[in-house]
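Below are the chains, spelled out letter by letter.
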Amino acid sequence: MIRLEAVTKQYDEGTPAVDNLTLEAGTGEITVLVGPSGCGKTTSLRMINRMIEPTSGRILIDGQDTAQVPAARLRRDIGYVIQHAGLFPHRTVLHNVMTVPRLNGWGRARAETRAREVLELVGLPGDFARRYPGQLSGGQQQRVGVARALASDPSVMLMDEPFSAVDPIAREGLQDDLLRLQGELGTTIVLVTHDIDEAIKLGHRVAVLRQGGRLAQFSSPADLLAHPADDFVADFVGRDRGYRALSFQQHEVPVHPEEPVPLGQPLTRRGDEWLLAVDEESRPQGWVVPGEVGDAPVGREHLHRGGTVASVDGSLRALLDAALSSPSGRGVVVRDGVLAGTVRAEEVLAAIQAAPRPDGTSIQDERP
Amino acid sequence: MIATIWAWLTDPANWSGAGSIPDQTLEHLRLSFIALVVAALIAIPIGLYVGHTGRGRVVLVNIVSAFRAIPSLGVLFIAALLLLPRLKGELAFELPSLIVLVLLGMPPILSGVYAGIQQVDPAARDAARGMGMTGQQRLWRVEVPCALPLIFSGLRSSMLQIIATATIAAVVGLGGLGRFLIDGQANRKYDEMAGGAILVAVLALLVDLVFAALQRFAVSPGLAPAARR
Ligand SMILES: Nc1ncnc2c1ncn2[C@@H]1O[C@H](COP(=O)(O)OP(=O)(O)O)[C@@H](O)[C@H]1O
Ligand SMILES: [Mg+2]
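In this text, all values refer to a predicted model and were calculated from it rather than measured experimentally.

Draft legend 1. Spatial organisation of the side chain of glutamate 258 of chain A. Residues and elements named next belong to chain A. Here glutamate 258 is to be found in the loop between helix 10 (241–245) and strand 11 (261–262). Accessibility expressed as a relative area gives 13% for glutamate 258, which makes it buried. Side chain to side chain, glutamate 258 and arginine 330 meet in a polar contact 2.8 Å long. Within the local environment of glutamate 258, its side chain forms a polar contact with the side chain of threonine 342, the two groups lying 3.2 Å apart. Other than its neighbours up to four places away in sequence, glutamate 258 contacts Leu276, Trp287, Arg330, Leu339, Gly341 and Thr342.

Written out as C-alpha cells, the structure reads:
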C-alpha cells in the first residue's frame, strides 16, 4: 500500500503545486490520479519515487517511509512509465528491457530470459527484441516502456499519462492489455491521466484533483459517476455520466435465439429481413440483406459491420450499445466470441429501469 | 602549371631522405595528433560536465565563440616570443605551435560534446532517472552513447582545423607539410608550394576517412538516421 500523508509541494513562492494531499493507493489495485492540466498530478506521482522531494508530509510504501530509502535504490524497485516511453534509442528493444534487471545486478543470461518473457507478456514476441526503438510505432514503443518497467517484477508501478500520446485505436489495446496484465500480476499501480474516460476504465479507485493539487473526490469509478462530490467533479466527469455509469451495472436481459447464416454459402431464406452472418466457428461477422446477396454465396463484401458486439455477462451499457448500433435493431451477444443470441433495445431499457441504483439515487438525476 | 606540380609530387627525390614528403607527413601527423589528444582531454570533460549538469552553459557558449575569433598566427608569435627565452631545445619551438593548435582544436570538441549531451531525448533522461540510474550511470550508459554522433563530428572538425593550421608551425621553423609552403614561397618554387597545399588537403581527407570508419564502428545503429522514423 502506498500512503501519502499530508504531502505538500511548493516550487517557489505562490500557490503550492500539491497542497496537503492525503491518499491511499491499495495494494494490487490501480489508483488513478485524474484532473485538468497543471493540477499537480505529475508532481504527486513523482514524489512517490522521490524524483521530486515533498516540501512537507510523508510518503509510505508498505509502512516504510520512502525518505529513509536512498532515492536510486527506491526507484529501482518501482516501475516507471512515462508519456513518450523514453526508450534508449541506442539500445535494442531487448537491451532496453534488460536495463533494470542489470542495474539490480542480475546476470546477463537471466536478465535476457526475463526480458523475453515480459516482451511476450506485452504482446511483442520474438523478432521485436532485435529492433531499435526508432523502428517501432508509438504504441509499440509504449509497450516496450511497460515491459521495461515490469522487467524486474516490481510490486509498485508508476505511470504518467502512459497512453496519452498514442493514437486512439492503439490506446484501447494498450489499456485492455494493462488491465489484463495488472490482473495477472497483481501489481500496485498509480496512474496519472487527464482523460476521465481512461480513469474510469482503468481505475479501481479514482482520485480527482483540482488546481493546486487538492483532492476533490476519491472513490470508485461507479461512485464517481453516480455521486460527484461537487460541481467541479460533476463538470469534470462530464455530461453523459448517467449513460457511462451503465458500464458498471449488470442485470438480466432476455437473450433471443438468432438463426445465423454461414459465410461462403448461398442463402436459403429470402425476404427483406436482416440476417446475421457467422464464420465456421459461429463467430458473428456482420449483417446481410438477402436482396443485396441474391443467389451468390454470402461474401465479406455483403457484410454490414456497423453493430457492436456485447458479451453475455457484459454491462448494461455494452448491451444497450449493441442493440442501438445494430442495423437490424437486434443487438448481437456472444459467449467467448461465439454467437449466443440477440437482445432488444426496449428490453435492455426495461432492465435498466429495473436495475438497482446506488443509494436509491436515480442515475438520470442531475444533482439538485 | 598542373604538369609541374605533378612532376614535383611524383619526383622520387622528394619521396626519400630527411625533409622528404613521407618525413614531413609523419611530422605533420605527430604534431596534429598530440594537439588533438590534448584538446580532447581538456574539452571532453568540460563538455560532459556542462551538458550533464546544465551548469555553466552561458560561459561555455561565450568561450567557444571567443576562441573561434582567435587569430592563430598572432597567438603563435606571442607564444613564441614569450616562451622562446624560457625553454630549451625542440620544445621551445614546438610548445607555442602546440598551444595554438590546442586552442584552435578545443571549440569544435566543446560544442560537439555539449550539444550532443543536450540533445539527448529528455524523455530518455527522465526514464533513466526514474528507473534508478545514478548520475554517473545516466551519463555513461545513456547520455554519452546517444551523444556519440555529435561528439564524433566535433572531433572530426577539430582534427580538420588542426591539420590545416599545423602548416603554420613551419613559420617558427618546425617540420610538417607547412615546410613545403614556407620554403617554396621563400625560394619562389610555386610547384612545391602548390604540391604542399595539395598534400595537406589529401592528408586531412584521409584522416577524416579513418575517423568516419571509427564512428561507424562506435555509434549504435539505433542512432543512424535510417533507424529513426
Ligand atoms: N519544476 C517546476 N518548477 C516550478 N513549477 C513547477 C515545476 N513543475 C511543475 N510546476 C508547476 O506545478 C503545477 C503542477 O504541475 P504538474 O504536477 O506537472 O501538473 P499536471 O501533471 O497535473 O499537469 C503547475 O502549475 C506547474 O506549472
Ligand atoms: Mg503531468
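Draft legend 2. Looking closely at the side chain of asparagine 49 of chain A. Along the polypeptide, asparagine 49 of chain A turns up in the loop between helix 1 (41–48) and strand 4 (56–61). A relative accessible area of 0% places asparagine 49 of chain A in the buried class. Not counting residues up to four positions away in its chain, the partners in contact with asparagine 49 of chain A are Leu74, Arg75, Ile78, Tyr80 and Leu158 of chain A together with Gly130 of chain B.

Draft legend 3. Expanded view of the site of ligand 1. Residue and element names in this part refer to chain A. Around ligand 1, a shell composed of Tyr11, Ala17, Ser37, Gly38, Cys39, Gly40, Lys41, Thr42 and Thr43 is seen. One of the backbone N or O atoms of cysteine 39 is found 3.2 Å from an oxygen atom in ligand 1. Glycine 40 is positioned with one of its backbone polar atoms (N or O) 3.0 Å from an oxygen atom of ligand 1. Counted by class, the shell around ligand 1 contains 3 nonpolar, 5 polar and 1 charged residues.

Draft legend 4. Quick peek at the interface of chain A and chain B. At the interface, 28 residues of chain A touch 23 residues of chain B. Of the roughly 2,100 Å² buried at the junction of chain A and chain B (both faces included), carbon and sulfur atoms supply 60%. At the junction of chain A with chain B, the criterion picks out 1 salt bridge. The salt bridge involving aspartate 126 of chain B is made with arginine 46 of chain A; its shortest N-O contact spans 2.9 Å. Run the count over chain A and chain B and you get 7 residue pairs in polar contact (both at pLDDT 80 or more). Sorting the residues of the side of chain A that touches chain B by element identifies helix 2 (71–76), strand 6 (78–81), helix 3 (93–103) and helix 5 (138–150) of chain A as the ones contributing at least two each.

Draft legend 5. Spatial organisation of the sheet that holds strand 10 (residues 214–219) of chain A. Residues and elements named next belong to chain A. The strand order across the open sheet built from 6 strands is 6-7-8-3-9-10, with neighbouring strands paired in mixed fashion. If you trace the sheet from one side to the other, it starts and ends with strand 6 and strand 10, each paired once. Pairwise comparison of adjacent strand axes, ignoring direction, gives a mean angle of 15° for this sheet. Pairing geometry for strand 3 (residues 30–34) and strand 9 (residues 205–210), over 4 bridges, is parallel. Note on strand 9: the bridge partner recorded for leucine 33 is alanine 207. Where helix 5 meets the sheet, it contacts strand 6 and strand 7 (156–160), and its direction lies at approximately 170° from that of strand 6.

Draft legend 6. Looking closely at the domain arrangement of chain A. All names here are of chain A. By domain assignment, chain A separates into domain 1 (2–247) and domain 2 (261–354). Once you take the C-alpha centre of each, domain 1 and domain 2 turn out to be 38 Å apart. Counting residues at the interface gives 4 residues for domain 1 and 6 residues for domain 2. For the pair domain 1 and domain 2, the two sides together bury roughly 510 Å², of which 61% comes from carbon and sulfur. Per-residue buried area on domain 1 facing domain 2 is highest for Tyr243, Leu246 and Ser247; these three make up 92% of the total on that side. Linking domain 1 to domain 2 there are 0 salt bridges. On the surface where domain 1 and domain 2 come into contact, there are 2 residue pairs in polar contact (both at pLDDT 80 or more). Tallied by class, the residues present in the side of domain 1 that touches domain 2 amount to 2 nonpolar, 1 polar and 1 charged.

Draft legend 7. Representation of a nonpolar patch on the surface within the structure. Taken together, the side chains of Ile34, Val37, Val38, Leu41, Ile42 and Ile46 of chain B present a nonpolar region at the surface, about 480 Å² in accessible area. Along the polypeptide, leucine 41 of chain B turns up in helix 2 (residues 21–53).

Draft legend 8. View of the environment of isoleucine 162 of chain B. All names here are of chain B. Of note, isoleucine 162 is situated in helix 7 (residues 135–165). For isoleucine 162, a relative accessible area of 0% gives the class buried. Linking isoleucine 162 and leucine 31, residues 131 residues apart in sequence, is a C-alpha distance of 8.9 Å. Not counting chain neighbours up to four residues away, the residues in contact with isoleucine 162 comprise Ser32, Ala35, Leu36, Leu101 and Gly105.

Draft legend 9. Molecular detail of the pairing of strand 4 of chain A. Residue and element names in this part refer to chain A. The sheet contact formed by strand 1 (residues 2–9) and strand 4 spans 5 bridges and is antiparallel. Of the residues in strand 4, the one forming a bridge with arginine 3 is leucine 60. Between strand 4 and strand 5 (residues 64–65), which pair antiparallel and follow one another directly, the connecting turn spans 2 residues, one of which, aspartate 62, has a positive phi of 50°.

Draft legend 10. View of the sheet that holds strand 4 of chain A. All names here are of chain A. Overall, antiparallel pairing links the 4 strands, which are arranged 2-1-4-5 in an open sheet. The two strands at the open ends of the sheet, each matched to only one other strand, are strand 2 (18–25) and strand 5. In this fold helix 1 packs onto strand 1, strand 2 and strand 4, with an angle of close to 125° to the strand it touches most, strand 1.

The rules behind these values
- Residues numbered from 1 in each chain as written.
- Chains lettered and ligands numbered in written order.
- Predicted model: local features only at pLDDT ≥ 70, side-chain atom pairs only at ≥ 80, totals over all residues.
- Heavy atoms only, no water.
- Helix = DSSP H or I, 4+ residues; strand = E, 2+ residues; numbered from the N terminus.
- Buried < 20%, exposed > 50% of the residue type's maximum accessible area, 1.4 Å probe, protein only.
- Polar contact = N/O pair within 3.5 Å; in protein donor to acceptor, adjacent residues only side chain to side chain.
- Contact = heavy atoms within 4.5 Å.
- Near = heavy atom within 4 Å.
- Nonpolar A, V, L, I, M, F, W, Y, C, P; charged D, E, K, R; others polar.
- Buried area = accessible area lost by both parts, 1.4 Å probe.
- Salt bridge = Lys/Arg side-chain N within 4 Å of Asp/Glu carboxyl O.
- Pairing = 2+ DSSP bridges.
- Axes fitted to C-alpha atoms, helices over the stretch in contact; angles between N-to-C directions.
- Domains from an automatic or database assignment.
- Patch = residues over 30% accessible without salt bridge, like charges linked within 9 Å, V, L, I, M, F, W, Y side chains within 5 Å.
- Areas by Shrake-Rupley, 256 points an atom, 1.4 Å probe, with all protein chains shown as cover.

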